[in-house]
Amino acid sequence: MIGFEVAFVFGSVAIFFALISPELGLDVFHFLPFRIYGIMSNFTLMAVPLFIFMGLVLEKSKMAEDLLVSMSRLFGSLRGGLAISVVLVGAILAASTGIVSASVVMMSVIALPLMLKHGYSPSLSSGTIAASGTLGQIIPPSIVLIILGDVMSVSVGDLFKGAVLPGLLLVSLYIVYILIYAYIKKDVAPAIKVEPQGILRTLNSILPPLLLIFIVLGSIFAGIASPTESAAFGVLGAVILSIYKQSFSFEMIRYSSMATLKLSGMIFMILIGATAFSLVFNELGGSDIILEFFSNDIADPWIFIAFAMLIIFILGFFIDFIEISFIVVPIMVPILDELGIDPIWFAILIAMNLQASFLTPPFGLSLFFLKGAAKDMVTTMQIYKGIIPFILLQILALGLVMLFPDLVFAFL
C-alpha cells in the first residue's frame, strides 16, 4: 500500500521471517535455486510470454480497431447496440489475445468517444468497456488459466475447455443487462443511425481474428498441440495477419518484444518472490495449520469454497491476480484433495473471481487503464458507478458456475 514492488516485498518478508525463526535461518533458501530453475525450465509457463507477444502484435496491427468499427456498424441501430458491440469485440479480443490492458486501452480510445458522441451514458459506456476488457481473464487463452494450471498441477488444456461456457455465460449476462437497461431507461443507450457497410468489408474485419481463435483454441481442443505449442502458432498467425493487414513493420516487432519482456519479467519476478515466501511459509508449518483447520475443524467442502471465494474477492480489492495466484492458491491446493473438490472446477471459480479484481476499486487495474486512456472524457466517479452492475453480474455468474458445475465439465 505504501508503494513497494510486490515481488520484493514477498522476498524480503520471507528473508525476515527466516532470520527471526530459530528453527529455520537462511539455510532454508538452499532449495530456492532449484525451485527457480524449475520455473525457468517450465514448459507450460512458456505460453505466458508467447500469448502476451501475440496480443501486442494484434494490438499494433489495427485488427482490433477494424473489428470494433465493423461491429458498431452492425449493431449500432439497435438500442444499446454500441455497448453490445463493445462486449462482443471484448470477447473476440479475449479469445485471440487474452491481454486485459491492451483491450481496455484500445476500446477506451476508439469506442468511448463514439459512445459519448451518440448520447450514451458515461457510466454505462465506461462500465461496459472496463468489464468487456477483462473477459480475457476467463475466456481462453487466458494467462491466469495458464498460471493456475501450473500452480494447481492440472492440465491447462482442460482449463481452457472448462472455461468456454462460463466465459460465454458472462458475455450473455452482460448483453442481457445492457438490453434490459437500455429498454427501461431510453436515454442511456439510444439507437443511432449508421452507414451501411458492405458484407465483404465486414467479413474482412471479423474473419481474421476468428481464424486466429480457431488456430489457437482448435489446436488445443483437438489435441493436436499443447497450450504452449498453440501459443507459438498464435504468434506466427498474428504476424501473418499483420502482414495481411499491411501493418507489419520491424518497429512493431521491436515494440511488441520489449513490452513482452517487461510484462513477462514482472510476472516471473513476482513468481520468484512468491516462491521464496511460500517456501518459508510451508517450512514454518503454515500450510499444515490451514489444512488441519479446514479438513478437521470444518470438513465441509461448501464452507471451504465460500470462504476461499470470499478471501480471493476481498484480496482482489488490494492486490493483483498474479500475487493471489502464486501466494493464496498454493495454500488451498492440498485442501482440495482432502475435501474431494475437483481442481479444474475450483480453478475456473478462482479465475472468474480474479476477473472481478480488475474492476474492484481502489486498485482495479482496468479502472486505471480506462481512466488513463479516457483522460477527461469521464470522471472517476462515473467509472465507479458504471462498473458496479458488472461486478454484480460477475458474482452472479460465479454463483451459477458454483451451482451448476456441468457448465465447466461440458467439453471435458
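Our subject is the structure that appears above.
Scoring rules and cut-offs
Residues numbered from 1 in each chain as written. Predicted model: local features only at pLDDT ≥ 70, side-chain atom pairs only at ≥ 80, totals over all residues. Heavy atoms only, no water. Helix = DSSP H or I, 4+ residues; strand = E, 2+ residues; numbered from the N terminus. Rg over C-alpha atoms; globule rule 2.2 N^0.38 Å. Buried < 20%, exposed > 50% of the residue type's maximum accessible area, 1.4 Å probe, protein only. 1 Å grid on protein atoms, 1.4 Å probe; cavity = no way out; pocket = protein on both sides within 12 Å on 5 of 7 lines; lining within 4 Å. Points joined across faces, edges and corners; volume = space filled by probe spheres on them. Nonpolar A, V, L, I, M, F, W, Y, C, P; charged D, E, K, R; others polar. Axes fitted to C-alpha atoms, helices over the stretch in contact; angles between N-to-C directions. Parallel < 35°, antiparallel > 145°, perpendicular 65-115°, else oblique. Left-handed = near helix turned anticlockwise from the far one by under 90°. Contact = heavy atoms within 4.5 Å. Phe/Tyr/Trp six-rings, centres within 6.5 Å; stacked < 30°, edge-to-face > 60°. Lys NZ or Arg CZ within 6 Å of the ring centre and 35° of its normal. Patch = residues over 30% accessible without salt bridge, like charges linked within 9 Å, V, L, I, M, F, W, Y side chains within 5 Å. Areas by Shrake-Rupley, 256 points an atom, 1.4 Å probe, with all protein chains shown as cover. Salt bridge = Lys/Arg side-chain N within 4 Å of Asp/Glu carboxyl O.

Visitor: Could you clarify how one ought to interpret the overall build of the chain in this entry?
Guide: Regarding its fold elements, the chain presents 19 helices and zero strands. For the chain, the C-alpha radius of gyration of 22 Å lies close to 22 Å, the compact-globule estimate for 412 residues. A principal-axis box enclosing the C-alpha atoms of the chain has dimensions of 75 × 50 × 45 Å. For the chain, the proportion of its 412 residues judged to be buried stands at 54%.

Visitor: Would you mind going over the layout of surface pockets with me for this structure?
Guide: Once rolled over the atoms, a probe with the size of a water molecule shows which space is left empty. Taken as a whole, the largest pocket spans an internal volume of roughly 1000 Å³. Looking at the largest pocket, it is lined by 36 residues, and the ones nearest its centre are V6, I270, D320, E323 and L365. Only helix 1 (6-20), helix 6 (100-117), helix 12 (250-283), helix 15 (321-339) and helix 17 (365-374) provide two or more residues apiece to the lining of the largest pocket. Across the lining of the largest pocket, the residue classes tally to 27 nonpolar, six polar and three charged. Empty space within the second largest pocket amounts to approximately 380 Å³. Breaking the lining of the second largest pocket down by element, the ones donating at least two residues are helix 2 (32-40), helix 8 (143-152), helix 12 and helix 15. The element that contributes the greatest number of residues to the lining of the second largest pocket is helix 12, accounting for seven residues. Partitioning the lining of the second largest pocket into residue classes produces 12 nonpolar, six polar and two charged.

Visitor: Explain the packing of helix 4 (residues 63-75) against helix 6 here, please?
Guide: A pair of packed helices is captured by two measures, namely the crossing angle of their axes and the spacing between those axes. For the pair helix 4 and helix 6, interaxial distance at closest approach is 10 Å and the crossing angle is 25°. It follows from the interaxial angle that helix 4 and helix 6 lie roughly parallel. Of the two possible hands of crossing, helix 4 and helix 6 adopt the one that is right-handed. Each of A64, E65, L68 and S72 in helix 4 lies in contact with helix 6, whose residues at this interface are M106, M107, I110, A111 and L114. A breakdown of the residues in the contact of helix 4 with helix 6 according to their chemical character gives seven nonpolar, one polar and one charged.

Visitor: It is not clear to me how the packing of aromatic side chains should be interpreted in this structure. Could you clarify?
Guide: For any two aromatic rings, the description comes down to two numbers: the centre-to-centre distance and the angle of the planes. Applying the stated criterion to the full structure yields 11 aromatic pairs. With a centroid separation of 5.7 Å and an interplanar angle of 20°, the aromatic rings of F304 and F346 are classed as stacked. Taken together, the residues span a long stretch of sequence, with F304 in helix 14 (residues 301-315) and F346 in helix 16 (residues 343-356) at a distance of 42 residues. The same class applies to F304 as to F346, namely buried. By way of ring pairs, the aromatic residues Y174, Y177, Y181 and F390 are connected into one cluster. The ring of Y255 carries K60 above its face, with NZ or CZ at 4.5 Å from the centroid. Its guanidinium or amino end placed over the ring of Y183, K186 lies 4.7 Å from that ring's centre, counting from NZ or CZ.

Visitor: Could you clarify how one ought to interpret a nonpolar patch on the surface in this entry?
Guide: A surface patch of nonpolar side chains, about 1100 Å² in accessible area, is lined by I2, F4, V9, V13, I15, F16, F17, L19, I20, L26 and L284. Structurally, the position occupied by I15 is in helix 1. The exposure class assigned to I15 is partly exposed, which follows from its relative accessible area of 39%.

Honestly, that's just the spatial picture; any functional story needs more than this.
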